[in-house]
Amino acid sequence: MRLRLHATSWLACGLMTACAVGPDYHRPRVAVPQHFKEAADGWKPAEPNDRHDRGAWWKRFKDPELDALEERVARANQTVAGYEAAYRRARALVAEARASLFPTLGASGSLTRARGAGRSANTPTGTNAGVPTVGNVQDLSLDATWEPDLWGRVRRQVAGAKANAQAAGSDLDNAKLSAHAMLAQSYFQLRALDATQRLLDDAVVGYRKSLQLTQNRYVQGVAARPDVLQAQTQLALAQAAATENEIARATYEHAIAVLVGEPASSFALPRVPLAATPPQLPAELPSSLLERRPDIAAAERRAAAANEQIGVAISAWFPSLNLFASGGFTSATLAQWFTAPHLVWALGPQLVATLFDGGLREAQTEEARAFYAQGVADYRQTVLAAFQDVEDQLVSLRVLEQEAGIQQEAVGYARQSLEVVMNQYKAGTVTYLEVVTAQATLYSAEQKLAGIAGQRMVSAVGLIKALGGGWDTPPPPADGTSR
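Note that the structure is predicted; figures quoted are calculated from it, not measured.

Asks: Can you walk me through the side chain of R456 in this structure?
Replies: Mapped onto the elements, R456 comes out in helix 8 (residues 432–466). Salt bridges are absent for the buried R456, whose nearest opposite-charge side chain, E401, sits at 4.6 Å. If we skip the residues at most four places from it in the chain, R456 touches P278, L397, L400, E401 and A404.

Asks: In this structure, what is going on with the pattern of salt bridges? I would like to understand it.
Replies: It is possible for side chains of opposite charge to pair when their charged atoms get near one another. Using the criterion set out here, one finds 18 salt bridges in the structure. With a closest N to O distance of 3.4 Å, D24 and R156 form a salt bridge. Separated by 132 residues along the polypeptide, D24 in the loop between helix 1 (2–17) and helix 2 (64–76) and R156 in helix 4 (residues 153–219) bring together distant segments of the chain. Judged by relative accessible area, which is 5%, R156 ranks as buried. For R361, the salt bridge goes to D357, with nearest N and O atoms at 2.7 Å. Its relative accessible area of 9% is what places R361 among the buried residues. The class for D357 is partly exposed, based on a relative accessible area of 24%.

Asks: Is there a simple way to explain the environment of E391 in this structure?
Replies: Its location among the elements puts E391 in helix 7 (residues 360–427). With a relative accessible area of 16%, E391 lands in the buried category. In sequence terms E391 and L463 are 72 residues apart; their C-alpha atoms lie 8.7 Å from each other.

Asks: Explain unusual backbone geometry here, please?
Replies: A negative phi angle is the norm for most residues apart from glycine, just as the trans form is the norm for most peptide bonds. The backbone of K62 sits at a positive phi, close to 55°, despite the residue not being glycine. The topology assignment puts K62 in the loop between helix 1 and helix 2. We classify K62 as exposed; its relative accessible area is 72%.

Asks: What's the story with the packing of aromatic side chains in this structure? I'm lost.
Replies: Any pair of aromatic rings gets described here by the distance separating the centres and the angle formed by the planes. Applying the stated rule across the entire model yields 6 aromatic pairs. Judged by centre distance (5.6 Å) and plane angle (70°), the ring pair of Y187 and F188 falls under edge-to-face. Note on accessibility: Y187 and F188 belong to one class, buried. Ring pairing ties together the aromatic residues F61, Y187 and F188, which thus form one cluster. Between the NZ or CZ atom of R217 and the centre of the ring of Y425, over which it lies, the distance is 4.4 Å. When the ring centre of W317 is taken as origin, the NZ or CZ atom of R361, which lies over that ring, is 4.6 Å away.

Asks: Quick question: what am I supposed to make of a nonpolar patch on the surface here?
Replies: A cluster of nonpolar side chains, namely L343, W345 and L347, defines an oily patch on the protein surface of about 400 Å² accessible area. Assignment of secondary structure puts L347 in strand 4 (residues 343–352). For L347, a relative accessible area of 64% gives the class exposed.

Asks: Any chance you could explain helix 4 here in plain terms?
Replies: Helical geometry note: an α-helix holds 3.6 residues per turn, so side chains three or four residues apart project in the same direction. For helix 4, which comprises 67 residues, the first-to-last C-alpha distance of 96 Å matches the rise-based estimate of 99 Å (1.5 Å per residue) to within 8%. At the C-terminal side of helix 4, G221 shows a positive phi close to 85°.

Asks: Where do I start with the environment of S265 in this structure?
Replies: Within the secondary structure layout, S265 lies in the loop between helix 5 (225–259) and helix 6 (294–315). Between the C-alpha atom of S265 and that of H254, which follows or precedes it by 11 residues, the distance is 8.1 Å.

Asks: Can you walk me through helix 7 in this structure?
Replies: For helix 7, spanning 68 residues, the distance from its first C-alpha to its last is 95 Å, which sits close to the expected 100 Å at 1.5 Å a residue. A positive backbone phi angle near 80° is found at G428, which sits one or two residues after helix 7.

Asks: Can you help me understand the pairing of strand 3 (residues 320–331) in this one?
Replies: On a regular strand, one side chain projects to one face of the sheet and the next to the other, so that they alternate. Note: strand 2 (residues 133–146) against strand 3, 9 bridges, orientation antiparallel. From the neighbouring strand, A144 faces strand 3, where its bridge partner is A325.

Asks: Can you walk me through the side chain of D67 in this structure?
Replies: Checked against the element boundaries, D67 lands in helix 2. No salt bridge is formed by the buried D67; its nearest oppositely charged neighbour, K59, is found at 6.1 Å.

Asks: Quick question: what am I supposed to make of the packing of helix 4 against helix 7 here?
Replies: Each pair of packed helices can be summarised by the angle the axes make with each other and by the distance between the axes. Viewed as axis vectors pointing N to C, helix 4 and helix 7 meet at an angle of 20°, and their least axial separation amounts to 12 Å. The angle between helix 4 and helix 7 falls in the class roughly parallel. Of the two elements, helix 4 crosses helix 7, and the hand of that crossing is left-handed. In contact with S210, L213, T214 and R217 of helix 4, helix 7 contributes M422, Y425 and K426. Taken together, the residues that form the contact of helix 4 with helix 7 break down as 3 nonpolar, 2 polar and 2 charged.

Asks: How should I be thinking about the nonpolar core in this particular structure?
Replies: Among soluble globular proteins, nonpolar side chains are generally buried collectively. Judged by nonpolar contacts, the single largest core of 43 residues is most densely connected at W57, F61, L69, F188 and I256. Secondary-structure elements contributing two or more residues to this core are helix 2, helix 3 (78–98), helix 4, helix 5, helix 7 and helix 8. A total of 15 residues in this core trace back to one element, the largest contributor, which is helix 4. Excluding its chain neighbours within four sequence positions, the residues that come into contact with F188 are F61, L66, L274, A276, M457 and V461. Membership of the second largest hydrophobic core comes to 24 residues, among which are A203, V430, V435 and A445.

Asks: What is the right way to read the packing of helix 3 against helix 4 from this model?
Replies: It is the contact of helix 3 with helix 4, at a shortest axis distance of 8 Å, that shows an interaxial angle of 170°. The angle between helix 3 and helix 4 falls in the class roughly antiparallel. Per-class residue counts for the contact of helix 3 with helix 4 are 16 nonpolar, 3 polar and 6 charged.

Asks: Please clarify how the confidence of the model for the protein chain should be interpreted in this entry.
Replies: Low pLDDT marks regions whose predicted coordinates should not be analysed in detail. For the protein chain, per-residue confidence averages 83 on the pLDDT scale, and residues scoring 70 or more make up 81% of the total. Here residues 40–53 is a poorly scored stretch, pLDDT under 50, and it has 35 contacts once near neighbours within four places are set aside; other chains count. Note that residues 478–482 has pLDDT below 50 and, in this model, 11 contacts with residues that lie over four places away or in other chains.

Asks: Mind showing me how you'd approach the environment of A195 here?
Replies: Looking at the element boundaries, A195 is found in helix 4. When the C-alpha atoms of A195 and L449 are compared, they prove to be 9.9 Å apart, with 254 residues separating the residues in sequence. When residues no more than four places from it in sequence are discounted, the contact partners of A195 are P273, L274 and A450.

Scoring rules and cut-offs
- Residues numbered from 1 in each chain as written.
- Predicted model: local features only at pLDDT ≥ 70, side-chain atom pairs only at ≥ 80, totals over all residues.
- Heavy atoms only, no water.
- Helix = DSSP H or I, 4+ residues; strand = E, 2+ residues; numbered from the N terminus.
- Buried < 20%, exposed > 50% of the residue type's maximum accessible area, 1.4 Å probe, protein only.
- Lys, Arg positive; Asp, Glu negative; His and termini not counted.
- Salt bridge = Lys/Arg side-chain N within 4 Å of Asp/Glu carboxyl O.
- Contact = heavy atoms within 4.5 Å.
- Phe/Tyr/Trp six-rings, centres within 6.5 Å; stacked < 30°, edge-to-face > 60°.
- Lys NZ or Arg CZ within 6 Å of the ring centre and 35° of its normal.
- Patch = residues over 30% accessible without salt bridge, like charges linked within 9 Å, V, L, I, M, F, W, Y side chains within 5 Å.
- Areas by Shrake-Rupley, 256 points an atom, 1.4 Å probe, with all protein chains shown as cover.
- Expected span 1.5 Å × (residues − 1).
- Pairing = 2+ DSSP bridges.
- Axes fitted to C-alpha atoms, helices over the stretch in contact; angles between N-to-C directions.
- Parallel < 35°, antiparallel > 145°, perpendicular 65-115°, else oblique.
- Left-handed = near helix turned anticlockwise from the far one by under 90°.
- Nonpolar A, V, L, I, M, F, W, Y, C, P; charged D, E, K, R; others polar.
- Core = buried A, V, L, I, M, F, W, Y, C linked by side-chain atoms within 4.5 Å.
- pLDDT = per-residue confidence, 0-100.

Below, the structure is given as structure tokens:
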């Protein structure tokens, strides 16, 4: 009797209150700092500003060539296209899961001509006794089946599919953000190499002049043969460095071609030395990364989807109720098909429960709980990595800005030193070795300054990416399915 009461209460719960077994989802708690350690003095948390568009963050750099390339990424990048297809598939899976909430209707019709056994030879009546019969049978039926979602299994599946679709939408946002950021970083590194190439070309020109000067002094008997050899060596080294720089530039150009969806063989960018500087950072820097970074949003949504699977696994412990109804007509003659005597129907419920499964449901429930715990750990790890990313970019920008100022001073000193040493060499008071040293020091300092400029731009893009697309852009949509 007690078991019967429990079963009755289960059924009443399902029919009257639409119970959903399993734990309800709550966003996992994560320790979020209120301030960035590496931020400048006076910076404080700020809420995202919804007035700006996430997709146009690269326009901060005011580079028309970069803007045109970024637009091509949005249209032709194949990685983004793959994530967009995955998002559409995830949305279709939501509709697929939701379809299980509704009854299934089906219709069938058949026309059969069959040969059957005739009457027995001992039959007292009928002239066709013992003769096989041949006849037609027409059937038309309409069937309906429905499994009420008593324990919330289907609702959990729908909620999980929605969460997965939202995660897929965030994955798409993250793919776009990553592709745009990778393009911007590759572009600025290429422009830094263009600046380096200009320096190397200038160095080659300068070394040729020095070689000519040394050769003239050697002919005049003022300079020694080793001075000429040193000048020739210095020129050859500069030419080799210029050639090597070409290889690095070509590599970045090929990478940009792939990002914009074009074969590297047909893609080329003009040579323009880097002249941009990092955009001015705001006085208030937001730390609300949970609302801004799409990879964090995706990890959180996947944890939510994993939580719903716990309810799906628990629902397997409860019986399922299937309702079915079937009706139609069957007749040997088409003229009498829709008459009442030929109407057939069937109606009834079916209650199904698993009594023994060798521990399968228990294992599936434990698997679902472990998968959810894994999703929570992944979510928290993603948050920690996000804050690390921001701190890394902040300290990089701060240190590189200081280093750029110091390096600019070093370039000025090296230029003055070369001018003094060159005048002394012409006057015959120093050897050519000192000229070589002064020239190498200047060109090395200038190349390092160009490299720092490129690194600053790369770090600026990295900070924008780490903040989810800027510091005053709106967060991703709360419902990824409403795109």
